[in-house]
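Remarks on the overall topology
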Amino acid sequence: MTVLVTGGAGYIGSHMVLALSDARRPVVVLDDLSTGSRAAVPSTVPLVQGCCGDEGLLDDVIRDHGVTAIVHFAGSIVVPDSVTDPLGYYLNNTVRSRALIAAAVRGGVKSFVFSSTAAVYGEGAAEPLRETAALDPVSPYGASKLMTERMLSDASRAHGFAYAALRYFNVAGADPAGRAGQSTPRATHLIKVAAEAVTGKRDRLQIFGDDYPTPDGTCVRDYIHVSDLAKAHVLALDHLARTGENLVANCGYGRGASVLEVIESVKRVSGVDFPVERAPRRPGDPALLVADPARARTTLGWRPDYDDLDTIVGHALAWERKIAARAAAE
Ligand SMILES: NC(=O)c1ccc[n+]([C@@H]2O[C@H](COP(=O)([O-])OP(=O)(O)OC[C@H]3O[C@@H](n4cnc5c(N)ncnc54)[C@H](O)[C@@H]3O)[C@@H](O)[C@H]2O)c1
Ligand SMILES: O=c1ccn([C@@H]2O[C@H](COP(=O)(O)OP(=O)(O)O[C@H]3O[C@H](CO)[C@@H](O)[C@H](O)[C@H]3O)[C@@H](O)[C@H]2O)c(=O)[nH]1
């Protein structure tokens, strides 16, 4: 009854490992440590260092650990990087996911939860976005994820397993107990970058574009707390085991915040006023991404615990200060 968590040494994956461990569910992590770190995985959880596209390794891990479910976080995640390196993104996100799905089929794994993204939706769809909105990704990143959703749909029909594709909106924050957080080197995510500006790791924050068709001209996103997201994954695993029915569901709160509103929140919660400068638009950025989370609520019974921007920012800041203090002591 072991859950294989690919990318479990990364930001979201490490919170999922904590959620599963807290629920006393056996877990094994597969991670190549390209952006994740060994320290993010509790010492009680086995970590296999390797690639989720290595079919021989996958067969061994599934057999040796008695894997019955897979939660697949491993992948490349930076939207603008996918614009400059699309083939790298299709390799790591699409080709390697295919290898993992094939290994799951060979190993008789019955449940598969996949990290999809709001970036699969097209521009111009009615907001908040429902799962039925048009799928027309702006970036190669979104396309690489949409292809994996399609492979899961086709393979589940042909081979008799159930999958959940959870389309995350913007994930932020950290474990409220301070056990995990975002430690990604060269992070690009807005709240993480702003938290680094608070601790002095960065000397300023840039706003990428202030001429979008949004109320204040900056991009609007639906920021979701990473622990609420992990909770949705645990519920999705239960749903798949109980019903055997596939699920595609948004994970967001249904409320947007602009880049300027996020910066205000970070300054307010931290009490630190860091320099901010206007910069050109970043390639691949849609103006507005806000979820309609109704399906996750009704199908999974998902009820978020941290649906508040200042709370998310507060947890992100607490983690950032903790790792900054640790780095200073080294
Ligand atoms: N962070 C967000 O806001 C967000 C939003 C939507 C979707 N997602 C998706 O969630 C997942 C996790 O994202 P994250 O923010 O935790 O990123 P992350 O970079 O912290 O985690 C990814 C993990 O996968 C590992 N990895 C990458 N390629 C691998 C490979 N080929 N084989 C084995 N391990 C590999 C990395 O070392 C890392 O530990 C990704 O699939 C991402 O696309 C993230
Ligand atoms: O220093 C920065 C960093 C970001 N932004 C802006 O802030 C917004 C959010 O950007 P970011 O935090 O990098 O997240 P996204 O590019 O929206 O992408 C995240 O959220 C998507 C879902 O909405 C996921 O698919 C991606 O994996 C995840 O990286 C965007 O408008 C950025 O242009 C800035 O203005 N300055």
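Owing to the predicted nature of the structure, the values given are computational and were not obtained by experimental measurement.

Considerations on the side chain of Ser 265
Assignment of secondary structure puts Ser 265 in helix 8 (residues 259-270). Once residues within four sequence positions are removed from consideration, Ser 265 is found in contact with Leu 309, Asp 310 and Val 313.

What about the domain arrangement of the chain?
You can read the domains of the chain as domain 1 (2-172 + 224-251) and domain 2 (190-221 + 254-329). Counting residues at the interface gives 29 residues for domain 1, matched by 25 residues for domain 2. Of all residues in domain 1, Glu 127, His 225 and Asp 228 bury the most surface against domain 2, accounting for 21% of the area lost on that side. Across the contact surface, domain 1 and domain 2 share 11 residue pairs in polar contact (both at pLDDT 80 or more). For the side of domain 1 that touches domain 2, the elements supplying multiple residues, two or more each, are helix 3 (79-84), strand 7 (170-172), strand 10 (223-225), helix 7 (226-243) and strand 11 (247-251). It is helix 7 that contributes the most residues to the side of domain 1 that touches domain 2, seven residues altogether. A per-class count over the side of domain 1 that touches domain 2 returns 16 nonpolar, seven polar and six charged.

Some points on the UniProt feature "domain: NAD-dependent epimerase/dehydratase" (unreviewed entry) in the chain
When the UniProt feature table is mapped to this numbering, "domain: NAD-dependent epimerase/dehydratase" (unreviewed entry) covers residues 3-252. Span residues 3-252 is 39% helix and 20% strand, its end C-alpha atoms 24 Å apart.

Structural notes on unusual backbone geometry
Trans peptide bonds make up the majority, and among non-glycine residues the majority have a negative phi. Residue Pro 128 is bonded to the preceding Glu 127 through a cis peptide linkage, with omega at -5°. In this fold, Pro 128 is placed in the loop between strand 5 (111-117) and helix 5 (140-159). Within the chain, Arg 186 stands out as a residue other than glycine whose phi angle is a positive 55°. For Arg 186, the location among the structural elements is in the loop between strand 7 and helix 6 (190-199). Judged by relative accessible area, which is 73%, Arg 186 ranks as exposed.

Some thoughts on the pairing of strand 6 (residues 162-168)
Extensive coverage of strand 6 is indicated by the burial of seven of its seven residues. Side chains Ala 162, Ala 164, Leu 166 and Tyr 168 project from strand 6 onto one buried face, and the interleaved Tyr 163, Ala 165 and Arg 167 project onto a second face that is buried too. The pairing of strand 5 with strand 6 spans seven bridges and is parallel. Bridging from a neighbouring strand, Ser 116 pairs with Arg 167 of strand 6. Following the chain from strand 5 across helix 5 to the adjacent parallel strand 6, one finds a crossover that is right-handed. As defined by bridge partners, strand 6 adjoins strand 11 across five bridges and the pair is classed as parallel. Looking at strand 11, one finds that Ala 165 is bridged to Val 248.

A short note on the site of ligand 2
Taken together, 24 residues surround ligand 2, and among them Thr 117, Asn 170, His 189, Gln 206 and Asp 285 come closest. For ligand 2, an oxygen atom lies 2.8 Å from a polar atom in the side chain of Arg 221. At 2.7 Å, a side-chain N or O of Arg 282 approaches an oxygen atom of ligand 2. Here ligand 2 has 690 Å² of accessible area as a free molecule, and 94% of this is covered by the chains. Elements with a minimum of two residues in the shell around ligand 2: helix 6 and strand 8 (205-208). Tallied by class, the residues present in the shell around ligand 2 amount to 16 nonpolar, five polar and three charged. For the shell around ligand 2, the domains that each give at least three residues are domain 1 (2-172 + 224-251) and domain 2 (190-221 + 254-329).

Notes on the sheet that holds strand 6
The seven strands lie next to each other as 3-2-1-4-5-6-11, forming an open sheet whose pairing is parallel. Sheet topology places strand 3 (47-49) and strand 11 at the edges, where each strand pairs with a single neighbour. This sheet shows a mean twist of 20° between the axes of neighbouring strands, independent of strand direction.

Cut-off values and rules
Residues numbered from 1 in each chain as written. Chains lettered and ligands numbered in written order. Predicted model: local features only at pLDDT ≥ 70, side-chain atom pairs only at ≥ 80, totals over all residues. Heavy atoms only, no water. Helix = DSSP H or I, 4+ residues; strand = E, 2+ residues; numbered from the N terminus. Contact = heavy atoms within 4.5 Å. Domains from an automatic or database assignment. Buried area = accessible area lost by both parts, 1.4 Å probe. Polar contact = N/O pair within 3.5 Å; in protein donor to acceptor, adjacent residues only side chain to side chain. Nonpolar A, V, L, I, M, F, W, Y, C, P; charged D, E, K, R; others polar. UniProt positions renumbered as here; feature names shortened; annotations may be inferred. Buried < 20%, exposed > 50% of the residue type's maximum accessible area, 1.4 Å probe, protein only. Pairing = 2+ DSSP bridges. Right-handed = clockwise from strand over helix to strand, strands pointing away. Near = heavy atom within 4 Å. Areas by Shrake-Rupley, 256 points an atom, 1.4 Å probe, with all protein chains shown as cover. Axes fitted to C-alpha atoms, helices over the stretch in contact; angles between N-to-C directions.

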